[in-house]
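# Structural overview
As a plain string of letters, each chain reads:
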Amino acid sequence: MTGRRSGRPLVPAYLSTGGVARPSRNSLERLSVLTGRGPVPAELPAAQQSLLETLDGGSLTVVETAALLELPVSAVRVLAAALIDQGLVNARPPVPYAAQPDPDLLKRVADGLRALKLQ
């Protein structure tokens with residue numbers, strides 16, 4: 001049911017979560033990485049099935065999943081938390097900035113690999 005020019009549904013986002021306003025876990029951040037685990041059970045609500053189908057065959061952040069499902073991040077956090085509780089989705093925290101590799105080191109490694117390739 002679309003009625004707006006943007007094509008977004010007129011159904012409020014809280015209805016996709018079954019009226020739940022807060023996720024069951026506070027560990028899900030916007031950049032937490034979600035990965036589906038196995039087949040999609042038929043008895044799940046439609047919004048949870050859509051989330052699992054979106055994660056089929058790969059991993060996405062909460063923000064990317066929200067964009068693909070055209071839902072607010074808060075609604076995806078609630079849906080993902082419910083699926084994590086059921087064991088259907090794995091979530092891992094985002095990589096902290098301090099743990100990311102040094103860009104200068106990566107550039108030097110890439111330059112070295114290119115030099116090896118040319119020999």
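Below, the structure is looked at part by part.

### Focus: helix α4 (residues 73-85)
- Taking 1.5 Å of rise per residue, 13 residues should cover 18 Å, and α4 covers 18 Å from first to last C-alpha, within 8% of that figure.
- Every buried residue of α4 is accounted for by Val73, Ala75, Val76, Val78, Leu79, Ala80, Ala81, Leu83 and Ile84.

### Digging into the nonpolar core
- Formed by 22 residues in total, the largest nonpolar core has its most connected members in Leu34, Leu51, Val76, Leu83 and Val89.
- Broken down by secondary-structure element, the contributors of at least two residues to this core are α2 (46-55), α3 (62-69) and α4.
- Sort the elements by how many residues they give to this core and α4 lands first, with 8 residues.
- Setting aside chain neighbours within four positions, we find leucine 83 in contact with Leu44, Gln48, Leu51, Leu52, Leu88 and Val89.

### Description of the sheet that holds strand β2 (residues 59-61)
- Overall, antiparallel pairing links the 3 strands, which are arranged β2-β1-β3 in an open sheet. Of all strands in the sheet, those with a lone pairing partner are β2 and β3 (89-92), marking the two edges. Strand-to-strand twist in this sheet, taken as the mean axis angle between neighbours without regard to direction, amounts to 25°.
- Strand contacts of α2: β1 (33-36), β2 and β3, with the helix running at about 95° to β1, the strand carrying the most contacts.

Cut-offs used in this document
- Residue indices follow the written sequence of each chain, beginning from 1 at its first position.
- Residue-level local features of this predicted model are given only where pLDDT is at least 70; pairs of side-chain atoms are given and counted only at 80 or more, and the full residue set underlies all totals for whole chains, interfaces and linings.
- Values shown for side chains rest on all heavy atoms present in the structure; no hydrogens or waters enter the calculation.
- Note on conventions: DSSP H or I runs of at least 4 residues are helices, E runs of at least 2 residues are strands, and numbering of each starts at the N terminus.
- To estimate how far a helix should extend, the number of its residues minus one is multiplied by 1.5 Å.
- Each residue is assigned to one of three classes by its accessible area relative to the maximum for its type, calculated with a 1.4 Å probe on protein chains only: buried under 20%, partly exposed between the two thresholds, exposed over 50%.
- Residues grouped as a nonpolar core are buried Ala, Val, Leu, Ile, Met, Phe, Trp, Tyr and Cys residues, joined through side-chain atoms within 4.5 Å.
- We call two residues contacting when some pair of their heavy atoms lies within 4.5 Å.
- Note: two strands are recorded as paired if DSSP finds a minimum of 2 bridges between them.
- Axes, fitted as lines to C-alpha atoms, cover a helix only where it is in contact. Angles between the N-to-C directions of the axes lie from 0 to 180 degrees.

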